[in-house]
Amino acid sequence: MEKTTERKRTDSIWGAVTVPLLAGWITFHMLPKNATPGWILYFSGVAALLLAHGWFAARRTSPGVGGAVVPLLYVLLGAVFWLTRT
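## Description of helix α3 (residues 66-85)
A rise of 1.5 Å per residue sets the reference length of α3, with its 20 residues, at 28 Å; its end C-alpha atoms lie 27 Å apart and thus fit the reference within 8%. Regarding α3, the residues found buried are Gly66, Gly67, Val70, Tyr74, Gly78 and Phe81. Seen from one end, α3 has its buried residues packed into an arc of 95°, which puts them on one side. Turned more than 90 degrees away from the buried face of α3 sit Ala68, Val75, Leu76 and Leu83, all of them exposed. Against the buried residues of α3 lie α1 (5-30) and α2 (36-59).

## Some remarks on the packing of α1 against α2
Contact geometry of α1 with α2 gives a least axis separation of 6 Å together with a crossing angle of 165°. Considering their axes alone, α1 and α2 lie roughly antiparallel with respect to each other. Between α1 and α2 lies a crossing whose hand is left-handed. Per-class residue counts for the contact of α1 with α2 are 16 nonpolar, seven polar and two charged.

## Quick look at the side chain of Thr10
With respect to the secondary-structure elements, Thr10 resides in helix α1. Thr10 has contacts with Phe56 and Pro63, leaving out every residue within four places of it along the chain.

## Remarks on unusual backbone geometry
With a phi close to 55°, Arg60 is a non-glycine residue in the positive phi region. Along the chain, Arg60 falls in the loop between α2 and α3. Judged by its relative accessible area of 78%, Arg60 falls in the exposed class.

## Some thoughts on the pattern of salt bridges
Evaluated as defined, the whole model comprises two salt bridges. A salt bridge links Arg59 to Glu6, with the nearest nitrogen and oxygen atoms 3.2 Å apart. One end of the pair, Arg59, is in helix α2; the other, Glu6, is in helix α1, and 53 residues separate them in sequence. With a relative accessible area of 30%, Glu6 lands in the partly exposed category. Connected through salt bridges with shared partners, the residues Glu6, Arg9 and Arg59 form a single ionic network.

How each quantity is defined
- Residues numbered from 1 in each chain as written.
- Predicted model: local features only at pLDDT ≥ 70, side-chain atom pairs only at ≥ 80, totals over all residues.
- Heavy atoms only, no water.
- Helix = DSSP H or I, 4+ residues; strand = E, 2+ residues; numbered from the N terminus.
- Expected span 1.5 Å × (residues − 1).
- Buried < 20%, exposed > 50% of the residue type's maximum accessible area, 1.4 Å probe, protein only.
- Arc of directions from axis to C-beta.
- Contact = heavy atoms within 4.5 Å.
- Axes fitted to C-alpha atoms, helices over the stretch in contact; angles between N-to-C directions.
- Parallel < 35°, antiparallel > 145°, perpendicular 65-115°, else oblique.
- Left-handed = near helix turned anticlockwise from the far one by under 90°.
- Nonpolar A, V, L, I, M, F, W, Y, C, P; charged D, E, K, R; others polar.
- Salt bridge = Lys/Arg side-chain N within 4 Å of Asp/Glu carboxyl O.

In short, the description is geometric, and any link to function would need to be established separately.
This is the structure we're talking about:
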């Protein structure tokens, strides 16, 4: 079954929200002595995550599976970042 235009947009939003998480992960590994840039990228992703959920709430549409998976991914990887870098 082909995805609707709305579902494609939803998938794109969640994909874009995960980019700062990936950038933070790369930064933590590239700069092992200085974790500040990694945390800045991580928290900018958290802000994007909150904005995305606010967008879906304002439009009264379902955030889809990404609305549950992406926040869980942020929590899990945030814990891993904190345990390995502080």
